[in-house]
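Summary of the model geometry
Next come the chains, spelled out residue by residue.
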Amino acid sequence: MLMFGVILASSGLLLMIERGILAQVGPPPLHPPAGPSRRDGRDSPAELELEVLRDTRNRTIRALCGQRSMPRSVWELPPGQRRTVLRHLLVSDKYRFLYCYVPKVACSNWKRILKVLDGALESVDVQGKMDHKSDLVFLGDMKPEEISYRLKHYYKFIFVRNPMERLLSAYRNKFGEIKEYQQKYGVEIVRRYRKNGGNSAGDDVSFSEFLQYLLDEDVERMNEHWMPIYNLCQPCAVRYDFIGSYERLHADANHVLEHIQSPSFVRFPERQAWYKPVTAETLHYYLCNTQRRLIRELLPKYILDFSLFAYPLPNITSEFCRQ
């Protein structure tokens, strides 16, 4: 039934994929910062564009989630899907909010903030490896009545990112830097998709091999770092009050911190000096050096992330890639 909803809501985008008409539009900032309008009472063109994009996203979510086949609460989800979303909803009872964390969308910094708000961490600037489990409260660890109460009464937010940019970030980080992922996933990927790849240590997975692996993988069994945001956070079953975007990370984070009335000393952390972000040029390079067939076939798995969160489909036309 969910697949029917996906096809119905996204048929226009899928048609564009088939025809190769891929929009060349920059990643849209989805939420304007909270603050006064211009003195003349008129919104700037950028502010108007943000309002249009936000309205488009909200209308799309309402249209898809309003279909009979779509879940209207976490209790209508199949057990596996319910476990996934409840495992990704972090709780702050002190500030009465739920945050659905999405790996590769600044979730480590948000977890730092939760720990600071709870008194488990002195500052968001504390150095050291991030512990993603301790001193955090997960909604899935609570009783059904406690879960329902918080879903109904707490402020709920999520942060999203361009789907292909998020996948590239996960690929470069996990297979280029993390030995655990190289051994657990990389070795199998190379063995499966490369002739005579049995001797690989898993640290030389190509981006095309990674995408082929995603294409063959069951979405519900994916690792959280490349599972679609829709499946991680279920925006139909959970009615989020705010959807922030990675492209406007600090502005949107400040909006959330102001809304929950966090202490003034709590701020969103600055990007670490060692961090190497995925630039538009980097994404362009990887996509244009990947088989178009592979990208076209993979897009339907992430089509809800593109359409619901108002991200343009990747432009992989010959004209664009020649630039």
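Parameters at a glance
Residues numbered from 1 in each chain as written. Predicted model: local features only at pLDDT ≥ 70, side-chain atom pairs only at ≥ 80, totals over all residues. Heavy atoms only, no water. UniProt positions renumbered as here; feature names shortened; annotations may be inferred. Core = buried A, V, L, I, M, F, W, Y, C linked by side-chain atoms within 4.5 Å. Buried < 20%, exposed > 50% of the residue type's maximum accessible area, 1.4 Å probe, protein only. Domains from an automatic or database assignment. Contact = heavy atoms within 4.5 Å. Helix = DSSP H or I, 4+ residues; strand = E, 2+ residues; numbered from the N terminus. Pairing = 2+ DSSP bridges. Axes fitted to C-alpha atoms, helices over the stretch in contact; angles between N-to-C directions.

Under an unreviewed UniProt entry, the name given to the protein is Carbohydrate sulfotransferase, and the source organism is Lonchura striata. Note on the protein: under the UniProt heading Sequence similarities (unreviewed entry), the record states "Belongs to the sulfotransferase 2 family." Under the UniProt heading Subcellular location (unreviewed entry), the entry covering the protein gives this text: "Golgi apparatus membrane".

Leu-89, Trp-110, Leu-214 and Trp-226 are the most contacted members of the largest nonpolar core, which has 94 residues in total. When residues of this core are assigned to domains, at least three map to each of domain 1 (49-162 + 229-260) and domain 2 (164-225 + 278-322). When sequence neighbours within four positions are dropped, the list of residues in contact with Leu-89 reads Leu-98, Tyr-99, Cys-100, Val-137, Phe-138, Leu-139, Leu-151, Val-238 and Tyr-240.

The subject of this paragraph is the environment of Phe-268. Along the chain, Phe-268 falls in the loop between α10 (249-259) and α11 (280-288). The exposure class assigned to Phe-268 is buried, which follows from its relative accessible area of 2%. Those residues in contact with Phe-268 that sit more than four places away from it in its chain are Ala-106, Asn-109, Trp-110, Ile-113, Leu-249, His-250, Ala-253 and Leu-257.

Bringing the sheet that holds strand β2 (residues 97-100) into the picture now. The mixed open sheet is built from 4 strands, whose spatial order is β1-β2-β3-β4. Edge positions in the sheet fall to β1 (89-92) and β4 (242-245), since each has one partner strand and no second. Across the sheet, the mean angle from the axis of one strand to that of its neighbour is 25°, orientation sign disregarded. Here β1 pairs with β2 via 4 bridges, running antiparallel. For Leu-90, the partnering residue across the bridge sits in β2 and is Tyr-99. Seen against the sheet, helix α3 (residues 79-88) touches β1 and β2 and runs at an angle of roughly 40° to β1.

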